[in-house]
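Listed here are the chains, written in short residue letters.
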Amino acid sequence: MDNNPSILSHVSIGTNDFERAIAFYDAVLPTLGCKRFMEHPGAIAYGKQYPEFWVGTPFDGQPPTVGNGTHIGLYCSYKRSSPRLL
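Structural notes, computed from the coordinates. Numbers given for residues are sequential positions, taken from 1 along each chain in its written order. In keeping with the predicted nature of the model, local features appear solely for residues at pLDDT of at least 70, side-chain atom pairs appear and are counted solely at 80 or more, and the whole-chain, interface and lining totals rest on all residues. Each side-chain value is derived from all of the structure's non-hydrogen atoms; neither hydrogens nor water enter the calculation.

## Considering the overall build of the protein chain
Elements are defined by DSSP. Helices are runs of H or I of four residues or more, strands are runs of E of two residues or more, and each kind is numbered from the N terminus. Summing up its helical and strand segments, the protein chain has two helices and five strands in all. Mapped from its N terminus to its C terminus, the protein chain presents α and β elements in the order β-α-β-β-β-β-α. A 1.4 Å probe rolled over the protein chains alone gives each residue an accessible area, and that area as a share of the maximum for its type sets the label: buried under 20%, exposed over 50%, partly exposed in between. Looking at the 86 residues of the protein chain, the share that counts as buried comes to 33%. Residues count as neighbours in contact if any of their non-hydrogen atoms are within 4.5 Å of one another. A separation of at least 24 residues holds for 55% of the contacts in the protein chain among residues at least 6 apart in sequence. Only the protein chains shown count as covering a residue, and every accessible area follows the Shrake-Rupley method with a 1.4 Å probe. A total accessible area of about 6400 Å² is found for the protein chain, and carbon and sulfur atoms account for 59% of it.

## Here we look at a nonpolar patch on the surface
Exposure above 30% relative accessible area and the lack of any salt bridge qualify a residue for a patch; like charges then connect within 9 Å, and the nonpolar side chains Val, Leu, Ile, Met, Phe, Trp and Tyr within 5 Å. Basic side-chain nitrogens of Lys or Arg form a salt bridge, by our definition, when they fall within 4 Å of a carboxyl oxygen of Asp or Glu. A surface patch of nonpolar side chains, about 300 Å² in accessible area, is lined by Ile7, Leu8 and Ile72. With respect to the secondary-structure elements, Ile7 resides in the segment before strand 1 (8-14).

## A short note on helix 1 (residues 18-28)
Here helix 1 has its buried residues at Phe18, Ala21, Ile22 and Tyr25. Projection of helix 1 onto a plane perpendicular to its axis shows the buried side chains occupying an angular sector of 100°, all on one side. In helix 1, the exposed positions that point more than 90 degrees away from the buried face belong to Glu19, Arg20 and Ala27. Residues of helix 1 that are buried make contact with strand 1, strand 2 (35-40), strand 3 (43-47) and strand 4 (53-56). Here, the arc refers to the directions that run from the helix axis to the C-beta atoms.

## A few points about the nonpolar core
Across soluble globular proteins, nonpolar side chains have a tendency to be buried as a group. Take the buried Ala, Val, Leu, Ile, Met, Phe, Trp, Tyr and Cys residues and link them wherever side-chain atoms come within 4.5 Å; each set so joined is a nonpolar core. In terms of nonpolar packing, the biggest core is built from nine residues, these being Phe18, Ala21, Ile22, Tyr25, Leu29, Cys34, Ile44, Tyr46 and Val55. When residues of this core are traced back to their parent elements, those giving at least two are helix 1 and strand 3.

## Concerning the pairing of strand 4
We call two strands paired when DSSP finds no fewer than two bridges between them. Where strand 1 and strand 4 come together, four bridges link them in parallel fashion. Bridging from a neighbouring strand, Val11 pairs with Phe53 of strand 4. Taken together, strand 3 and the strand that follows it, strand 4, pair antiparallel across an intervening segment of five residues.

## Some thoughts on the environment of Tyr46
Relative to the helices and strands, Tyr46 is located in strand 3. Accessibility expressed as a relative area gives 2% for Tyr46, which makes it buried. Within the local environment of Tyr46, its side chain forms a polar contact with the side chain of Asp26, the two groups lying 2.7 Å apart. Any N or O atom pair separated by 3.5 Å or less is treated as a polar contact, with the protein-specific requirement of one donor-capable and one acceptor-capable atom, and with residues adjacent in sequence counted only for side-chain atom pairs.

Here's what the structure looks like:
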């Protein structure tokens, strides 16, 4: 992904009603050119070319609240960045 101009890898949001949220995003995101990319129990990923927008239940099993269920992933080149991150 060295040619990707974005620093964002993906964004995850939590939901209290997984089935309802998925029905909503299944209907809305195709209008933006997105499709389902990945499915895991309690999580679905959408995107145009790769899974960049995730909807799911929080990993800790608690209800999603402000920040619980939210996750933002940033891109970095492992080869270039890893020595500086360790």
